[in-house]
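Remarks on the overall topology
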Amino acid sequence: MTLEDFTEFTDDEGDGGGDAAGSAADRDAADDSGVPEAGDGDRGEPGGAASRDGGRAVSPGDGGDGTGAPPDDAAADGFAAYDVEPAGEDTGLGVVSVSQGLRVAEEDDETTLRAFVTAGNREAVRLGKYLLVPYPDGERLFCRITGLEYAQEFRSDDATEIHARRQMRRDDFAERDYKFMAELEPMSVVYGEGDGMKRRMTDRVPKPGAVVEEASDDAEIKTGLKIPEDGVFLGHLSVGGEKVRTAAEPPTVDYRVTDDYTDGDPLAFRHTLVAGGTGSGKTHASKNVLRQYLDSDRTYPTGDGRESRMAVVQFDPQDEYAQMHDDNPDLDADFARRLDREGIAHGGHDDTVALVPRVANAAYPGEGHRAERVEFTIPFSLARDMPWLVAGSGLNDNQYPALLTLLNRFFGDYGDSGTYSQFLSYLDDPALKAELDESGRVHEATFDAVKRRVRAVPGGVFDQDAKPITELDHTLVRPGGLSVIPTYHLPTSRQKEIVVLAVAGLLVDDKLSNDPDSDRIEETPLLIGMDEAHNFLADADNVQARKVVQTFTEAAKQGRKERLGLFLITQDPQDVAESVFKQVNTKIVLNLGDEDAISSVNIPSNLAGKVPYMEKGQMVVYSPDNSEPVELIGLSKCVTRHGE
């Protein structure tokens, strides 16, 4: 090989006047390593400092005349430059992939629907996000993400020492080295536009390569999830604790429960359960929902053809619900305007009355609200129709009929004016005991057992110095009115139980009776709210519990026909009697940490797994007759006063 003229190669460009050809040792080392040295023109590498052209050294870009100008025919001497930017703009998150199958089937576990998500969209993708896949004719497949995974883009093993150490030295992650796949669950096919938009079950498969887009239209999302446009507001649709955003104004998607007979029975009369642990926000959420039912614009048809507002009777163990009379001082004007734009009722409810049970040696402070207060007492006469009020938890199936015999005989002698104190004296009569034993109607041992149980009822509950609740039916039930029954001030749990069951039983009996004592109760649409419902509607193996559960089960079954709704609030849903629980159509589940509690509410597994991690105000709504199961975020502020 002949050396060329290197006169133009100066010391400034070299290594201080060393051998221009380089040492033989250096060349041998380069050859042995298989890696050419930078500027090795002999190897013709495009990255060299010079390349051979016609037997002389040419600098990169040299046109051959030593001036550095490009040659006339660039294609003959170098690489042509091309515009690699794609035409147009990307739309959507990715495309439907067939790499692992593309199948829609009647059985969920036989469906295979996956989308490739492009690198720039991957950070925005979350489990549960709602997506749309268009069909060629304009219909859209509404679906949600149920799984996310990275897959290898190339046939290479990334579980190696070299790959691991290379990644450990890098500050970034090469997204393009991997495929990002989203597994999709088809939920419905959406078709039509605007007010004419409809949904049907998934009955067709999308085309391979169809663009997958995030659902961002309020109407499409509501149609895809079967969410009613109108009804009682519960919260805003969310995914993973973040509100779903749309291009509309407001950008959030409101979730409502149907409340119109034109769409079927109002779900208020098919009963609601609010379940959440301490600090989950269940009272805050319950107040917001109850306030919607009390809105002046919300009416229901009655049996005689009139329209009537709902009456709400709320049992309150913590003295919190009478605060609904007052405005929330933290609800500012901007927040109020937002609520007005979305048609959400807010502000204190003026027609709120605290009906306070009067019990001996117990005073009701009522310092947390400005609602009107009316005292009442439980007349013993209610035990005539509700003998379980004085049965206690110890009576068995043989003793309970004996109690009925004694009560019937007592009221036959004393009439409805008979008091609890008189009944105790009545049972002390030895002649009565002997007569019933000799006649074979009540054995003397059974008589004594009943007497002990009746005397175990806490004193001071019945027949106190206040107006009987039976004479306050027009105060208790008022169209558009909220009646709160506080029990926080009552000394014992047994007293609380008697008060709650007596008033609730009075309401239920008049609602279900063909010959009600109160026409006001019978004719008014009624919602009975019961906080700590597990304390009153528990499934237990005693006569009293079975009779109570039987009464409220019947109320739940007949609720739609009689315009009676139950609104049950509890932190222990697993303790609510199953016969009552299974009549509940709408379940609002906030944070629950107990596995048994989560299992008992019987919500879909994909949502049940989120329940223990929910922040305050987050909730799952499972209402099969209203919508698909969804995750919501409630209002950050209570629409009425709440808290200290």
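Right above here is the structure, for reference.
Structure report, in brief. Computed from a predicted structure; not experimentally measured.

Let's shift gears to the nonpolar core. Ranked by size, the top nonpolar core spans 89 residues in total, and within it F380 and L476 carry the most contacts. In terms of residues, this core owes the most to one element, helix α12 (residues 493–512), which gives ten residues. Residue contacts for L476: discarding those within four places in its chain leaves V313, L355, I469, S483, I485, V503, L506 and L507.

So, about the pattern of salt bridges. With the rule as written, the count across this model stands at 31 salt bridges. Note that D203 and R200 form a salt bridge whose closest N and O atoms lie 2.7 Å from each other. R200 gets classed as partly exposed once you look at its relative accessible area, which sits at 25%. Across the pair D625 and R270 runs a salt bridge whose closest N-O atoms are separated by 2.7 Å. Here D625 is found in the loop between β24 (618–622) and β25 (630–633), whereas its partner R270 is found in the loop between β12 (254–257) and β13 (272–275), with 355 residues between them in sequence. Relative accessible area serves as the criterion here: at 40%, D625 is assigned to the partly exposed category. Overall, the relative accessible area of 21% leaves R270 in the partly exposed class.

The subject of this paragraph is the pairing of strand β7 (residues 178–191). Remember that side chains alternate between the two faces of the sheet whenever the strand is regular. Taking burial as the measure, the 14 residues of β7 include ten buried ones, the bulk of the element. Pairing of strand β4 (residues 114–117) with β7 involves three bridges; the strand directions are antiparallel. Paired with R114 across the bridge in β7 is E183. With twelve bridges connecting them, strand β6 (residues 140–152) and β7 associate as antiparallel partners. Pairing of R144 across the sheet is with E185, part of β7. Relative to strand β8 (residues 198–200), β7 runs antiparallel, the two being bridged by three bridges.

Tracing the backbone through its elements, the reader meets G347 in the loop between α6 (333–341) and β17 (352–357). Distance from G347 to A336, taken between C-alpha atoms, is 8.8 Å for residues eleven residues apart in sequence. Beyond its immediate sequence surroundings of up to four residues, G347 is in contact with R291, D327, V639 and T640.

Okay, the environment of S579 next. Summarising the element assignment, S579 is placed in helix α15 (residues 578–581). Separated by 25 residues in sequence, S579 and E554 place their C-alpha atoms 9.4 Å apart. Every residue in contact with S579, bar those within four places of it in the chain, is listed here: V549 and T553. One polar contact links S579 to T553, side chain to side chain, over a distance of 2.9 Å.

One can find S97 in strand β3 (residues 94–97). Polar side-chain contacts of S97 include one of 3.0 Å to the side chain of S99. Beyond its immediate chain neighbours, meaning those up to four positions away, S97 contacts L102, R114, A115, F116 and M181.

Along an α-helix, a turn takes 3.6 residues, which lines up residues three or four apart on a common side. A large share of helix α4 (residues 218–225) lies buried, amounting to seven of its eight residues. The backbone nitrogen of A219 has a side-chain oxygen 3.1 Å away, supplied by the residue at the start of α4, namely D217. K226 sits one or two residues past α4 and shows a positive phi near 65°.

Residues E106, E107, D108 and D109 make up a contiguous surface patch of negative charge. The topology assignment puts D108 in the loop between β3 and β4. Owing to a relative accessible area of 60%, D108 belongs among the exposed residues under this scheme.

Let us look at the packing of aromatic side chains. The final tally for this structure, using the stated rule, is 15 aromatic pairs. Consider the rings of F380 and F462, whose centres lie 5.5 Å apart with planes at 85°: the pair is edge-to-face. Within this pair, whereas F380 is found in the loop between β18 (372–377) and α7 (399–414), its partner F462 is found in the loop between α10 (444–455) and β19 (467–468), the two being separated by 82 residues in sequence. Classification of F380 by relative accessible area gives buried; the value is 0%. Put simply, the rings of F380, F410, F411, Y414, Y420, F423, Y426 and F462 pair up and form one aromatic cluster.

The next thing to look at is helix α8 (residues 420–427). Turning to α8, its buried residues are Y420, F423, L424, Y426 and L427. One side of α8 holds all its buried residues, which, seen down the axis, span an arc of 155°. Here the buried face of α8 lies against α7, α9 (430–438) and α10.

Another aspect to go through is unusual backbone geometry. If a residue is not glycine, its phi is most likely negative; likewise, a peptide bond is most likely trans. The omega angle of the peptide bond from E249 to P250 is 0°, so this bond is cis rather than trans. Assignment of secondary structure puts P250 in the loop between β11 (242–243) and β12. Here E532, not a glycine, exhibits a phi torsion of approximately 55°, which is positive. Residue classification places E532 among the partly exposed residues on the basis of a relative accessible area of 23%. In the Ramachandran plot, R563 falls in the positive-phi region, its phi being about 60° despite a non-glycine side chain.

Here is what the cut-offs are and how they apply
Residues numbered from 1 in each chain as written. Predicted model: local features only at pLDDT ≥ 70, side-chain atom pairs only at ≥ 80, totals over all residues. Heavy atoms only, no water. Core = buried A, V, L, I, M, F, W, Y, C linked by side-chain atoms within 4.5 Å. Buried < 20%, exposed > 50% of the residue type's maximum accessible area, 1.4 Å probe, protein only. Helix = DSSP H or I, 4+ residues; strand = E, 2+ residues; numbered from the N terminus. Contact = heavy atoms within 4.5 Å. Salt bridge = Lys/Arg side-chain N within 4 Å of Asp/Glu carboxyl O. Pairing = 2+ DSSP bridges. Polar contact = N/O pair within 3.5 Å; in protein donor to acceptor, adjacent residues only side chain to side chain. Patch = residues over 30% accessible without salt bridge, like charges linked within 9 Å, V, L, I, M, F, W, Y side chains within 5 Å. Areas by Shrake-Rupley, 256 points an atom, 1.4 Å probe, with all protein chains shown as cover. Lys, Arg positive; Asp, Glu negative; His and termini not counted. Charge placed at Lys NZ, Arg CZ, Asp CG, Glu CD. Phe/Tyr/Trp six-rings, centres within 6.5 Å; stacked < 30°, edge-to-face > 60°. Arc of directions from axis to C-beta.

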